[in-house]
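Structural description and commentary
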Amino acid sequence: MSISTSFSRLIEKIQPLDSEILSAKQHVASIRTRLETVFAISDCHVTGSFRRETSIRGFSDIDLFPVFRKSNFVHGGVLTSSTQALENIRQGLLARYPNTPLGRDVTAITIEFSDGQIVDVVPALFHSLYQGKWPVFEIPDGEGWWMPTCPSLYDAYIAQANTQSGGKLRYVAQMMKFWRECRRPRVPLSSFHIEMILAHEEVCKGVKPYAECIRDVLRSLTNRECRAIRDPYSIGGNIPAVKTSNQRSDAFASVKNSRDHANSAVASDVFSTTEARRQWDIVFNGKFPT
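Residues numbered from 1 in each chain as written. Predicted model: local features only at pLDDT ≥ 70, side-chain atom pairs only at ≥ 80, totals over all residues. Heavy atoms only, no water.

**Examining the overall build of the protein**
In terms of helices and strands, the protein carries 10 helices and 10 strands. For 290 residues, the compact-globule estimate of 2.2 N^0.38 gives 19 Å, and the protein sits close to it at 20 Å. With the principal axes as the frame, the protein shows a C-alpha extent of 70 × 40 × 35 Å. By the burial criterion, 49% of the 290 residues in the protein qualify as buried. For the protein, long-range pairs separated by at least 24 residues make up 61% of all intrachain contacts whose partners lie at least 6 apart in sequence. (Helix = DSSP H or I, 4+ residues; strand = E, 2+ residues; numbered from the N terminus. Rg over C-alpha atoms; globule rule 2.2 N^0.38 Å. Buried < 20%, exposed > 50% of the residue type's maximum accessible area, 1.4 Å probe, protein only. Contact = heavy atoms within 4.5 Å.)

Below is the structure:
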């Protein structure tokens, strides 16, 4: 089997199951109903990997993006801290999911269902329109304040890059997320950061096999030392690769190691498919299709 065929099999292997997609939709509908019962909400939709179709089988969280009316979190004419807003939302969900683990991430309330799926509820407040077209929202920043973001604009940016790549970007993003989950310990790289790097660096553009795309994105991440990437629209500041400095150190070490083996794999495929496969199997921690 050629390396190209192995990558095609890998892509097929990591696509979400229909049952996972159905379950995710049911969880989202249930959460939305609860939020609309307790709070004043103007919109509620899925964003992130599921919306961009870059989620992978068994691992991707679902990002739910409810847009709350500011009246939910205004007291005495003053907007409450995002920390308090998240706690209010957690309490509102707790009555509906008393036996389901409810946690709090940097920007979201996380709901971990018994089937293994996790829904991240990211509360948003409408802020303005970017260039009169793209809605900008404020979401929690992890430190009690609110920060701007524009999901639909970033989605369009990534979608355009995917089109220009002939559809390869989507699959390379999925394979990088699979790689992230294969490594031990798991590589704490942000899914959004991975996709923005692929789009910004034009990693998948042109006539390139998947092997070279994976190698090149690992090179880009290594060259950047897993540092944040600039927001191309200067809306929300830099787009971090990880959440903490310790995570950046761990991620960089894993990225660098995988880059070295990916370099060897691409070079080896010229004269030895067996050696190339061995190197790719190291990159994917024993889970590269044979």
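**Points about helix 7 (residues 191–200)**
With respect to burial, helix 7 is a largely interior element, eight of its 10 residues being buried. Residues S191, H193, I194, E195, M196, I197, L198 and A199 constitute the buried set of helix 7. Contacts made by the buried residues of helix 7 are with helix 3 (49–52), helix 5 (151–164), helix 6 (168–182) and helix 8 (210–223). The N-capping residue of helix 7, defined by a side-chain oxygen 3.2 Å from the backbone nitrogen of F192, is S190. E202 occupies a position one or two residues after helix 7 and carries a positive phi of about 50°. (Polar contact = N/O pair within 3.5 Å; in protein donor to acceptor, adjacent residues only side chain to side chain.)

**Considering the side chain of K177**
Mapping K177 onto the fold places it in helix 6. Side-chain polar atoms of K177 contact the side chain of S49, separated by 2.7 Å. Looking at K177, its side chain comes within polar contact range of the side chain of T54, at 2.8 Å. Sequence-distant contacts of K177, defined by excluding residues within four places in its chain, comprise S49, T54, I56, S191 and E195.

**Here's the deal with the packing of aromatic side chains**
A complete count under the given rule lists 18 aromatic pairs for this structure. Judged by centre distance (5.9 Å) and plane angle (75°), the rings of Y130 and Y233 are edge-to-face. Taken together, the residues Y130 in strand 8 (residues 124–130) and Y233 in the loop between helix 8 and helix 9 (245–268) connect sequence positions 103 residues apart. Owing to a relative accessible area of 24%, Y233 belongs among the partly exposed residues under this scheme. (Phe/Tyr/Trp six-rings, centres within 6.5 Å; stacked < 30°, edge-to-face > 60°.)

**Comments concerning unusual backbone geometry**
Residue P185 is reached from R184 by a cis peptide bond, and omega for that bond is 0°. Along the chain, the position of P185 falls in the loop between helix 6 and helix 7. Phi is positive for E225, which is not a glycine, with a value near 55°. Structurally, the position occupied by E225 is in the loop between helix 8 and helix 9. Its identity is not glycine, yet S234 carries a phi of approximately 55°, on the positive side. With respect to the helices, strands and loops of the structure, S234 is situated in the loop between helix 8 and helix 9. Classification of S234 as exposed rests on a relative accessible area of 59%.

**Quick look at the nonpolar core**
Residues F7, L189 and W280 are the most contacted members of the largest nonpolar core, which totals 54 residues. Elements represented by at least two residues in this core include exactly helix 1 (3–13), strand 9 (134–140), helix 5, helix 6, helix 7, helix 8, helix 9 and helix 10 (273–283). Once residues within four sequence positions are removed from consideration, L189 is found in contact with W179, R180, I194, L221, C226, A241, V242, A251 and V255. (Core = buried A, V, L, I, M, F, W, Y, C linked by side-chain atoms within 4.5 Å.)

**Some remarks on the pattern of salt bridges**
Throughout the structure, instances matching the rule amount to 17 salt bridges. Where K205 meets E202, a salt bridge forms, and the shortest distance between an N and an O atom there is 3.7 Å. E202 sits in the partly exposed class, given a relative accessible area of 44%. (Salt bridge = Lys/Arg side-chain N within 4 Å of Asp/Glu carboxyl O.)

**Regarding the state of the cysteines**
Inspection of the entire model under this criterion finds zero disulfides. Not engaged in a disulfide, the cysteine C44 finds its nearest cysteine sulfur in C150; these two sulfurs lie 18 Å apart. Under the relative-accessibility criterion, C44 is labelled buried at 5%. (Disulfide = S-S within 2.5 Å.)

**Points about the pairing of strand 7 (residues 118–121)**
Examined bridge by bridge, strand 2 (residues 62–68) and strand 7 share three bridges and lie parallel to one another. Paired with D63 across the two strands is D120, which belongs to strand 7. Here four bridges tie strand 6 (residues 109–112) to strand 7, and the two strands are oriented antiparallel to one another. If you follow I109 over to strand 7, its bridge partner there is V121. From the end of strand 6 to the start of strand 7, which pair antiparallel, there are five residues, and G116 there has a positive phi angle of about 95°. (Pairing = 2+ DSSP bridges.)

**Re a positive patch on the surface**
A cluster of like positive charges, contributed by K13, R57, R184 and K287, occupies part of the molecular surface. Among the structural elements, K13 can be located in helix 1. We classify K13 as partly exposed; its relative accessible area is 41%. (Patch = residues over 30% accessible without salt bridge, like charges linked within 9 Å, V, L, I, M, F, W, Y side chains within 5 Å. Areas by Shrake-Rupley, 256 points an atom, 1.4 Å probe, with all protein chains shown as cover. Lys, Arg positive; Asp, Glu negative; His and termini not counted. Charge placed at Lys NZ, Arg CZ, Asp CG, Glu CD.)

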